[in-house]
Amino acid sequence: MPSFSTGVVTAVRSEREGLQRVEVDGAPAYVLTALIGPVAVGDRVVVNTTAVELGLGTGGWHVVHWNLARESWSRPGPGTVMKLRYTSLQADVGAAEEAPGYRPPGALDGMPVVACALHSQVACVVVALTEAAPGGRVAYVMTDSAALPLALSDLVADLRAADLLATTVTCGQAFGGEHEAVNLASAVEVARAAGGADAVVVGPGPGVVGTRTRLGFGGLEVAAVIDTASLLGGRPVVAVRYSEGDARERHRGASQHTVVALELAMNPALVAVPRGKRQAVAALEPPHHLAEVDVPDVPGLLARHGLDVTTMGRRPADDPAFFLWAGAAGVAAAQLLGP
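Owing to the predicted nature of the structure, the values given are computational and were not obtained by experimental measurement.

Counted residue by residue, strand β3 (residues 27-32) has five buried out of six residues, so it is predominantly covered. Bridging between strand β2 (residues 19-24) and β3 involves six bridges; their strand directions are antiparallel. Bridge assignment links Val22 to a residue of β3, and that residue is Ala29. As consecutive antiparallel partners, β2 and β3 are separated by two residues, and within that stretch Asp25 has a phi angle of approximately 50°, a positive value.

Here the focus is the packing of helix α3 (residues 119-132) against helix α4 (residues 154-161). Between α3 and α4, whose axes approach to 9 Å, the crossing angle comes to 15°. By the angle between their directions, the pair α3 and α4 is classed as roughly parallel. Relative to α4, α3 is oriented so that their crossing is left-handed. Residues His119, Ser120, Val122, Ala123 and Val126 of α3 form the contact with α4, whose participating residues are Leu155, Val156 and Leu159. Looking at the contact of α3 with α4 residue by residue, the classes come out as six nonpolar, two polar and no charged.

What follows covers the packing of α3 against helix α9 (residues 320-336). Running from N to C, α3 and α9 cross one another at 45°; their axes reach a closest spacing of 7 Å. Considering the angle they form, α3 stands oblique to α9. Crossing handedness for the pair α3 and α9: right-handed. Judged by residue contacts, Ser120, Gln121, Cys124, Val125, Ala128, Leu129 and Ala132 of α3 engage Phe322, Phe323, Ala326, Gly327, Ala329, Gly330, Val331, Ala333 and Ala334 from α9. Residue classes in the contact of α3 with α9 are distributed as twelve nonpolar, four polar and no charged.

Let's shift gears to the nonpolar core. Counting 44 residues, the largest nonpolar core has Val114, Val122, Val126, Leu159, Val201 and Leu302 as the members making the most contacts within it. Secondary structure elements with two or more residues in this core: α3, β9 (138-142), α4, β12 (199-203), β16 (270-274), β17 (289-293), α8 (298-304) and α9. Ignoring sequence-local partners within four residues, the contact set of Val126 consists of Val138, Leu159, Leu164, Leu165 and Val201. Counting 41 residues, the second-largest nonpolar core is a separate cluster that includes Ala187, Val259, Val271 and Ala321.

Counting buried residues in helix α5 (residues 184-193) gives seven out of ten residues, a clear majority hidden from the surface. Listed in full, the buried residues belonging to α5 are Leu184, Ser186, Ala187, Val188, Glu189, Val190 and Ala191. Here the buried face of α5 lies against β8 (112-115), β9, β10 (167-171), β11 (179-181), β12 and α6 (221-231).

For the rest of this paragraph, the subject is the environment of Thr211. With respect to the element layout, Thr211 can be found in the loop between β12 and α6. Among the residues examined, Thr211 registers a relative accessible area of 44% and is labelled partly exposed. For Thr211, the side chain forms a polar contact with the side chain of Thr213, separated by 2.7 Å. Within the structure, the side chain of Thr211 is placed 2.7 Å from the backbone oxygen of Gly216, a separation counted as a polar contact.

Approximately 1000 Å³ is the volume attributed to the second largest pocket. Ala34, Arg75, Phe175, Gly176 and Glu180 are, among the 42 residues lining the second largest pocket, the residues nearest its centre. Of all the secondary-structure elements, those providing two or more residues to the lining of the second largest pocket are α1 (33-36), β5 (62-67), β7 (91-92), α4 and β11. Among the elements that line the lining of the second largest pocket, the one with the most residues is α1, at four residues. Looking at side-chain class alone, the lining of the second largest pocket contains 21 nonpolar, 13 polar and eight charged residues.

Looking now at the sheet that holds β5. Taken together, five strands build a closed barrel; the order of strands is β1-β2-β3-β5-β4 and the barrel is mixed. Across the sheet, the mean angle from the axis of one strand to that of its neighbour is 55°, orientation sign disregarded.

Within the structure shown, the criterion is met by 13 salt bridges. The salt bridge involving Arg13 is made with Glu23; its shortest N-O contact spans 3.1 Å. With a gap of ten residues between them, Arg13 in strand β1 (residues 4-16) and Glu23 in strand β2 connect regions that are remote in the sequence. The exposure class assigned to Arg13 is partly exposed, which follows from its relative accessible area of 45%. Across the pair Arg314 and Asp319 runs a salt bridge whose closest N-O atoms are separated by 3.2 Å. Overlapping salt bridges, with partners in common, bring together Arg16, Arg21 and Asp154 in one network.

Spacing of three or four residues puts side chains on the same side of an α-helix, whose turn is 3.6 residues. Given a rise of 1.5 Å per residue, 17 residues ought to cover 24 Å, and the 25 Å separating the end C-alpha atoms of α9 matches this to within 8%. Burial within α9 is extensive, with 13 of its 17 residues counted as buried. Looking one or two residues beyond α9, the residue adopting positive phi is Gly338, at roughly 80°.

Right, let's get into the side chain of Asp319. With respect to the helices, strands and loops of the structure, Asp319 is situated in the loop between α8 and α9. Of note is the side chain of Asp319, whose polar atom sits 3.2 Å from the side chain of Arg314. Not counting residues up to four positions away in its chain, the partners in contact with Asp319 are Ser243, Glu244, Gly245, Asp246 and Arg314.

So, how was this worked out
All chains use their own residue numbering, which begins from 1 and follows the written sequence. At least 70 in pLDDT is required for a residue's local features to be given in this predicted model, at least 80 for side-chain atom pairs to be given and counted, and no such filter applies to totals for whole chains, interfaces and linings, which use all residues. Where side-chain values are given, they derive from all heavy atoms of the structure, hydrogens and water being excluded. For every residue, the accessible area (1.4 Å probe, protein chains only) is compared with the maximum for its type, and the residue is labelled buried under 20%, exposed over 50%, or partly exposed between those bounds. Numbering of helices and strands runs from the N terminus; a helix is a DSSP stretch of H or I covering at least four residues, while a strand is a stretch of E covering at least two. Two strands qualify as a pair provided DSSP detects at least 2 bridges between them. Orientation is described by lines fitted to C-alpha atoms, with helices fitted over the stretch in contact, and by angles between N-to-C directions that extend from 0 to 180 degrees. For classification, angles of less than 35 degrees are called roughly parallel, those exceeding 145 degrees roughly antiparallel, those between 65 and 115 degrees roughly perpendicular, and all remaining angles oblique. The hand of a helix crossing depends on one turn: near helix anticlockwise from the far one by less than a right angle means left-handed, and clockwise means right-handed. Only heavy atoms enter the contact rule, under which two residues are in contact if any of them lie within 4.5 Å. All residues other than Ala, Val, Leu, Ile, Met, Phe, Trp, Tyr, Cys, Pro, Asp, Glu, Lys and Arg, Gly among them, are scored as polar; the first ten of these are nonpolar and the last four charged. Definition used in this section: a nonpolar core is a set of buried Ala, Val, Leu, Ile, Met, Phe, Trp, Tyr and Cys residues joined via side-chain atoms within 4.5 Å. Any pair of N or O atoms that falls within 3.5 Å is considered a polar contact. Within protein, one atom must be able to donate a hydrogen and the other to accept it, and sequence-neighbouring residues count only if both atoms are side-chain atoms. Method remark: on a 1 Å grid restricted to protein atoms, a set of points is classed as a cavity if a 1.4 Å probe fits but cannot get out and as a pocket if it is open with protein on both sides within 12 Å along at least five of seven lines; lining residues have an atom within 4 Å of a point. Grid points are joined across faces, edges and corners, and a volume is the space filled by probe spheres set on the points. For this document, the term salt bridge refers to a Lys or Arg side-chain nitrogen within 4 Å of an Asp or Glu carboxyl oxygen. By definition here, a helix of n residues has an expected span of 1.5 Å times n minus one.

Here it is, written out as structure tokens:
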């Protein structure tokens with residue numbers, strides 16, 4: 001069950017659209033300003049302390065639940081579609097699908113849709129894709145299998161600041177994208193129709209869930225992304241979760257999370273493989289198709305764009321294979337765009 005406490009805001013560390021990072025009685029906390037408005041030093045607030053007390057991967061941050069310094073707060077939304085439905089924080093975020101003049105494309109016409117199992121893969125895919133296909137418009141669709149507020153993602157904020165993402169779409173109960181969508185299938189259409197995307201990268205936000213069981217992990221949605229993209233007329237491309245630095249056996253080499261998702265997908269996908277590494281995932285073909293590609297220096301590209309990316313706390317020097325394999329998916333997607 002959740003845990004709450006009250007305290008006083010003692011510092012505001014940083015602010016950006018939708019997010020404040022603050023200190024409450026000296027402890028780090030964040031504020032989702034789109035839901036409860038901003039806070040100021042001296043405000044007395046209610047904080048949710050559950051994740052920190054459980055030692056979960058929030059980086060030691062509490063979540064500000066409400067600002068007791070105000071009697072009320074309101075910010076009208078752009079439509080009638082609600083997210084975080086039937087909770088005390090439900091918000092009328094609207095949806096692209098209900099906007100006047102919105103017209104779904106009807107078919108994706110072979111548009112590449114890259115399926116990521118981890119948030120950190122997204123940056124690797126995007127930098128490799130944009131390097132291999134300069135001028136291509138890349139959209140990020142954030143699913144609701146991990147963090148729900150897109151504002152929490154430093155990675156997406158940095159990608160946008162570096163002009164590497166043309167647009168963002170949040171789907172399901174996730175919120176805060178440039179466009180909101182009701183579900184995954186519609187989100188991919190929204191990325192193409194409203195965002196003008198040439199390629200779409202789909203993945204969770206920060207804070208992936210795993211339980212050590214065969215099916216109990218958030219990355220299983222890769223199977224749904226494959227099938228959705230295929231049925232809509234797109235070309236699904238899989239970013240293989242691959243590691244040579246993870247101490248957990250199930251994630252060494254091609255992660256069991258990737259393998260199981262590919263086993264459950266009903267449609268074939270293009271599985272991106274760095275040149276010379278085909279044997280590492282040979283068992284996936286058939287029914288899936290392996291695409292060997294030459295991968296650029298992904299850590300170098302990340303550094304060039306000012307992107308500091310880690311995966312489970314590991315940097316590129318700690319686990320170069322992870323960044324190499326994720327980058328392969330970006331190259332494979334770029335090749336589908338043609339000259």
